[in-house]
Amino acid sequence: MAGRAVLKACKSCRFISEVSTCPRCGSETSKEWQGMVAIADYEKSEIAKKMGITANGTYALKVRA
Ligand SMILES: [Zn+2]
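Presented here is a report on the structure given in the accompanying data block.

**Structural notes on the overall build of the protein chain**
Then, in step 1: In terms of helices and strands, the protein chain carries one helix and five strands.
Then, in step 2: Overall, the protein chain shows an N-to-C arrangement of helices and strands of β-β-β-β-α-β.
Then, in step 3: Within the protein chain, the proportion of its 65 residues that are buried is 22%.
Then, in step 4: Once local pairs closer than 6 in sequence are excluded, the contacts in the protein chain between residues at least 24 apart make up 34%.

As structure tokens, this is what we get:
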């Protein structure tokens, strides 16, 4: 196995990916983030509601802008 890819979180929607531009909203991503939450059913998730998440996926709780 090669080294693990660095995970980055979107500064706008907090979606976690491995790329420098968010594949979901096109905003810049950051390596400086904390806490990971997987949203499997955003319509029923209280966390998703609080965070304003409108799609399933993995998100960061905090992203440093
Ligand atoms: Zn985004």
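**Observations regarding the sheet that holds strand 1 (residues 8-10)**
Then, in step 1: Spatially, three strands are ordered 2-1-3 in an open sheet, and the strand pairing comes out antiparallel. Unpaired on one side and paired on the other, strand 2 (16-17) and strand 3 (29-30) mark the two borders of the sheet.

**Comments concerning the environment of Leu61**
Then, in step 1: Its place among the elements puts Leu61 in strand 5 (residues 57-63).
Then, in step 2: When the C-alpha positions of Leu61 and Met36 are compared, they lie 6.0 Å apart, and in sequence the two are 25 residues distant.
Then, in step 3: Setting aside anything within four residues of it in sequence, one finds Leu61 in contact with Gln34, Gly35 and Val37.

**Points about unusual backbone geometry**
Then, in step 1: Positive phi values are uncommon outside glycine, yet Arg14 reaches one of about 70 degrees.
Then, in step 2: Mapped onto the elements, Arg14 comes out in the loop between strand 1 and strand 2.
Then, in step 3: Classification of Arg14 by C-beta neighbours within 10 Å gives buried; the count is 27.

Cut-off values and rules
Residues numbered from 1 in each chain as written. Predicted model: local features only at pLDDT ≥ 70, side-chain atom pairs only at ≥ 80, totals over all residues. Helix = DSSP H or I, 4+ residues; strand = E, 2+ residues; numbered from the N terminus. Buried ≥ 20, exposed ≤ 12 C-beta atoms within 10 Å, placed from the backbone. Contact = placed C-beta atoms within 7 Å. Pairing = 2+ DSSP bridges.

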